[in-house]
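Summary of structural features
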Amino acid sequence: MHGCGNDYIYVNTMEYPIADPVSAAIAWSDRHKGIGSDGLVLIGKSPVPEADMSMRIFNADGSEAMMCGNASRCIGKYVYERGLTDKREIRLLTPSGIKTLNLHIKDNKVESVTVDMLEPKLEDESLFLAHHGVDKGTFVSMGNPHYVIFTDDVDQVGETGRILEYHPAFPQRCNIEFARVEADGSIRTRVWERGSGITQACGTGACATAVAAAITKRTGRTSEIVMDGGTLAIEWCEADRSAEGHFFQKNHVYMTGAADFVFDGEIEI
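Conventions we followed
Residues numbered from 1 in each chain as written. Predicted model: local features only at pLDDT ≥ 70, side-chain atom pairs only at ≥ 80, totals over all residues. Heavy atoms only, no water. Helix = DSSP H or I, 4+ residues; strand = E, 2+ residues; numbered from the N terminus. Buried < 20%, exposed > 50% of the residue type's maximum accessible area, 1.4 Å probe, protein only. 1 Å grid on protein atoms, 1.4 Å probe; cavity = no way out; pocket = protein on both sides within 12 Å on 5 of 7 lines; lining within 4 Å. Points joined across faces, edges and corners; volume = space filled by probe spheres on them. Nonpolar A, V, L, I, M, F, W, Y, C, P; charged D, E, K, R; others polar.

Description of unusual backbone geometry
The backbone phi angle of asparagine 108 is positive, close to 65 degrees, even though this residue is not glycine. Mapped onto the secondary structure, asparagine 108 falls in the loop between β8 (97-106) and β9 (109-116). The class of asparagine 108 is exposed, set by a relative accessible area of 53%. Non-glycine residue arginine 173 carries a positive phi angle of around 65 degrees. For arginine 173, the position within the fold is in the loop between α3 (157-164) and β12 (175-181). The exposure class of arginine 173 is buried, given its relative accessible area of 18%.

A few points about the layout of surface pockets
If you add up the space inside the largest pocket, you get close to 800 Å³. Along the wall of the largest pocket there are 26 residues; nearest its centre are Ile9, Tyr10, Val11, Gly265 and Glu266. It is strand β3 (residues 9-12) that contributes the most residues to the lining of the largest pocket, four residues altogether. Per-class residue counts for the lining of the largest pocket are 17 nonpolar, four polar and five charged.

Honestly, it's all geometry; don't read function into it.
This is the structure in structure tokens:
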């Protein structure tokens, strides 16, 4: 499946348990010798009653991520269209907390998903050491660390992103976004993902970019983030409100975008 080109291999571990997801992620993600993906996502039964499903995500290098916005939307589509739930509001347990997925359905198909990505954090010494000499961007944690740099040259993503991921300011490495506000108010963004390199899109990265743009007064609290693989709509909610039967909470970040199946298959392990 993919969300805006951010593609992962999804396994329903309630039916097909994976004993060694680290090795599987490395082998299967290889685009020449494996299936090819940005990583491996495991869909599981929630161990707590507060959530309906659980998610674990392993990057292409085998490292485990705390959260992936694009993957969470894909899980919403997967569990609904594959008959694992009939709920249109799904509570998904992730290593960075429980995320609420609101499914937008037409003709019994999930057209898009809005994810409550919870509150951004602008300081976290376990993820960002501000005194270590990076000063060209804005740190935002969306459950995982992001460093957003506004620049006219978003295509430096490969050269500069590779270096900054391992900068001493980021004790657990970091996702790096290069962003440019366009004339129409949208934000062109390219992403270097921790553990995966350049990806077509990053949901948490889009959220972090929107928050950074609002903080630095480049935009308001609603943004269209245009990534290599597509566009995500992001709102950093300014006040509590209800709309279309859903409650939107102050200071939470809401991400809306599509999710798509690519193919099903089997692999021997």
